[in-house]
Amino acid sequence: MNLGAFSVSLAVADLAASRDFYEKLGFEVVGGSADENWLILRNRHHTIGLFHGMFDKNILTFNPGWDDFAQPVDEFTDVRELQRRLMSQGVSMAMEADETTTGPGSFVVVDPDGNPILVDQHV
């Protein structure tokens, strides 16, 4: 099962302080908007998102159709197919992708310890 690019989306209390901290670890801002309370940072193949006031918990994020640099790939497993595979194995959805659509879509599952996992396809 190819889930695509991986990142961690962090729910942060202070966006500027978090940005400063992660920049000290070698991360650089590559997207987002401080005015909109979110930033995407990258250190080589490692990507994190900093989100202030947008959600309560940190989220593991997978992006089918993207490589590690958020560039589209030619071959990938569509988010709706991934959802069907997981559901056929008894995995419950906290939020489902619309099976009647194509292109962008997303679903959320929660692991046994309560960690949300977002599968978010942008292509």
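Just so it is clear, the model here is predicted, and its values are computed rather than measured.

**A short note on the pairing of strand 4 (residues 46-52)**
For strand 4, the buried fraction is high: five of the seven residues fall into the buried class. By the bridge criterion, five bridges tie strand 1 (residues 5-12) to strand 4 in an arrangement that is parallel. Counted as the bridge partner of Val 12 is His 52 from strand 4. Bridge analysis of strand 3 (residues 38-43) against strand 4 gives six bridges, and the strand direction is antiparallel. In the sheet register, Leu 41 faces strand 4, and the bridge partner there is Ile 48. Where strand 3 hands over to strand 4, the hairpin turn is made up of two residues, of which Arg 44 adopts a positive phi near 60°.

**Quick word on the pattern of salt bridges**
Enumeration according to the criterion identifies six salt bridges in this entry. Counted as one network, the salt bridges with shared partners bring together Glu 81, Arg 84, Arg 85 and Glu 99.

Thresholds applied
- Residues numbered from 1 in each chain as written.
- Predicted model: local features only at pLDDT ≥ 70, side-chain atom pairs only at ≥ 80, totals over all residues.
- Heavy atoms only, no water.
- Buried < 20%, exposed > 50% of the residue type's maximum accessible area, 1.4 Å probe, protein only.
- Helix = DSSP H or I, 4+ residues; strand = E, 2+ residues; numbered from the N terminus.
- Pairing = 2+ DSSP bridges.
- Salt bridge = Lys/Arg side-chain N within 4 Å of Asp/Glu carboxyl O.

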